[in-house]
Amino acid sequence: MPLNLKGRSYLTLKDFSPEEIRYLLDLSHDLKRKKRAGIPGDLLRGRNIVLLFEKTSTRTRCAFETACWDEGGNATFLSNSQMGKKESLEDTARVLGRFYDGIEFRGFDHRTVEDLARFAGVPVWNGLTDRFHPTQALADIMTLEENTKKPLSACKLVYMGDARNNVANSLMVIAAKLGMQYTAISPASLKPEAALFDEMQKLAETTGAKLQWSDQVKDVQGADAVYTDVWVSMGEEALFEERIKLLTPYRVTEDVMRLTGNPGCIFLHCLPSFHDLETTTGQEIHQKYGLTEMEVEDRVFRSPNSKVFDEAENRLHTIKAVMVATIGRQ
Ligand code: CP
Ligand code: NVA
């Protein structure tokens, strides 16, 4: 039976089978080739989408908008809606569902995106919540596939840093679904959340994935990709001092990349990244704590093994795939 994702929401990768995730990845590679070949698209012609943002964004917003336009659709960006202030979430969802064919939401509480999906009557896509960032994980795995000849089932993905944040959660889920080796390296207080880890371990028994947590940087050995994210996620700004203390030993340095023992190991980061002093936050942290970089050394960030800008571009192709698969004309 052909795979059909029409009408489905995309809230977390947990809701998708390995075959469905494979389908989204294949579609992403196809859509990237099509865009590179300059072939105009019309798979979202006649479709209207709305982008509901409670938090800031560069990549996610721009990827949804350009992906939509590339395929002939229309997008509305909404960061000042009545939702939760003068109008309930339920009423807002019902209204948006009358206007739009799909709704993207980025915000604080994961329950908000679930409730939107419950009431909207159209697909809802999670553009990041406190728990998951599932469009990011698709782009991350797509980038790994572009940089390795091995099947994913033979790849080791290492995540270093805050291993219980939204990005790490989604990476662990996608790795478990696709039968990969996933190693989270962090201090014990930031290890993957037990309930999610156990749930994914159970799944790993059926997919062949190998999930591991370690507080030892040496366990980066054998990695095909080393991944990190900011030490302090949006909404957690009060935690800078504590996180700097906890996570400085887990910065991705040239030594860490050497410890992989794999000269072809790539570096990945969802971005934005604190790798230099060219931001106001970077400057504030520098003045307060004397750091010139946080989760990754500037030299690693700018090295040939760093694929962070391919990864950022791949947000466009993967988000396009999610929209085409769930509301497209194909
Ligand atoms: N990676 C990511 O989600 O980037 P933005 O916050 O810029 O959307
Ligand atoms: N963990 C980060 C990801 C940003 C794309 C955050 O939530 O701020």
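Residues numbered from 1 in each chain as written. Chains lettered and ligands numbered in written order. Predicted model: local features only at pLDDT ≥ 70, side-chain atom pairs only at ≥ 80, totals over all residues. Heavy atoms only, no water.

To continue, consider the site of ligand 2. Near ligand 2 you find L128, N165, N166, V167, D229, V230, S233, M234 and L271, and these make up its full shell. At a separation of 2.6 Å, a nitrogen atom of ligand 2 approaches a polar side-chain atom of D229. Residue S233 places a side-chain N or O atom 2.8 Å away from a nitrogen atom belonging to ligand 2. With the chains in place, 95% of the 270 Å² that ligand 2 exposes on its own is no longer accessible. Its residues placed into classes, the shell around ligand 2 shows five nonpolar, three polar and one charged. (Near = heavy atom within 4 Å. Polar contact = N/O pair within 3.5 Å; in protein donor to acceptor, adjacent residues only side chain to side chain. Areas by Shrake-Rupley, 256 points an atom, 1.4 Å probe, with all protein chains shown as cover. Nonpolar A, V, L, I, M, F, W, Y, C, P; charged D, E, K, R; others polar.)

The immediate surroundings of ligand 1 are formed by S57, T58, R59, T60, R106, H133, Q136, C270, L271 and R315. Between an oxygen atom of ligand 1 and a main-chain N or O atom of T58, the distance comes to 2.6 Å. Residue C270 places a main-chain N or O atom 2.9 Å away from a nitrogen atom belonging to ligand 1. In the complex, 96% of the free accessible area of ligand 1, which totals 250 Å², lies under the protein chains. Along the lines of polarity and charge, the residues of the shell around ligand 1 split into two nonpolar, five polar and three charged.

Turning our attention to the sheet that holds strand β2 (residues 74–78). Pairing is parallel across the open sheet formed by four strands, whose spatial order is β2-β1-β3-β4. Edge positions in the open sheet fall to β2 and β4 (124–126), since each of these has one partner strand only. Strand after strand, the sheet turns through a mean of 20 degrees between neighbouring axes, direction not considered. Examined bridge by bridge, strand β3 (residues 102–106) and β4 share three bridges and lie parallel to one another. Looking across to β4, one finds that E104 is bridged to W125. On top of the sheet, helix α2 (residues 59–70) reaches β1 (48–53), β2, β3 and β4; it is set at about 175 degrees to β1, its chief contact. Sitting on the sheet, helix α3 (residues 89–99) is in contact with β1, β2 and β3, with an inclination near 150 degrees to β1. (Pairing = 2+ DSSP bridges. Helix = DSSP H or I, 4+ residues; strand = E, 2+ residues; numbered from the N terminus. Axes fitted to C-alpha atoms, helices over the stretch in contact; angles between N-to-C directions. Contact = heavy atoms within 4.5 Å.)

Here we take up the packing of helix α8 (residues 240–247) against helix α10 (residues 280–289). It is at 12 Å that the axes of α8 and α10 come closest, and there the two elements cross at 75 degrees. It follows that α8 is roughly perpendicular to α10 by the angle criterion. Counted together, F240, E241 and I244 of α8 and T281, I285 and Y289 of α10 form the full contact between these two elements. Of the residues contributing to the contact of α8 with α10, the split by class is four nonpolar, one polar and one charged. (Parallel < 35°, antiparallel > 145°, perpendicular 65-115°, else oblique.)

Glancing now at the packing of aromatic side chains. As enumerated under the stated definition, the model contains six aromatic pairs in all. Ring centres 5.3 Å apart and planes at 55 degrees place the aromatic pair Y10 and F16 in the tilted group. Of the two residues examined, Y10 and F16, each falls in the buried class. Taking the ring centre of F108 as reference, the NZ or CZ of K55 above it sits at 4.7 Å. One residue, K191, lies across the ring of W213, its end atom 4.3 Å from the ring centre. (Phe/Tyr/Trp six-rings, centres within 6.5 Å; stacked < 30°, edge-to-face > 60°. Buried < 20%, exposed > 50% of the residue type's maximum accessible area, 1.4 Å probe, protein only. Lys NZ or Arg CZ within 6 Å of the ring centre and 35° of its normal.)

As for its position among the elements, K288 is in helix α10. Residue K288 is classed as exposed on the basis of its relative accessible area, which comes to 66%. Along the chain, K288 and K218 lie 70 residues apart, while their C-alpha atoms are 30 Å from each other.

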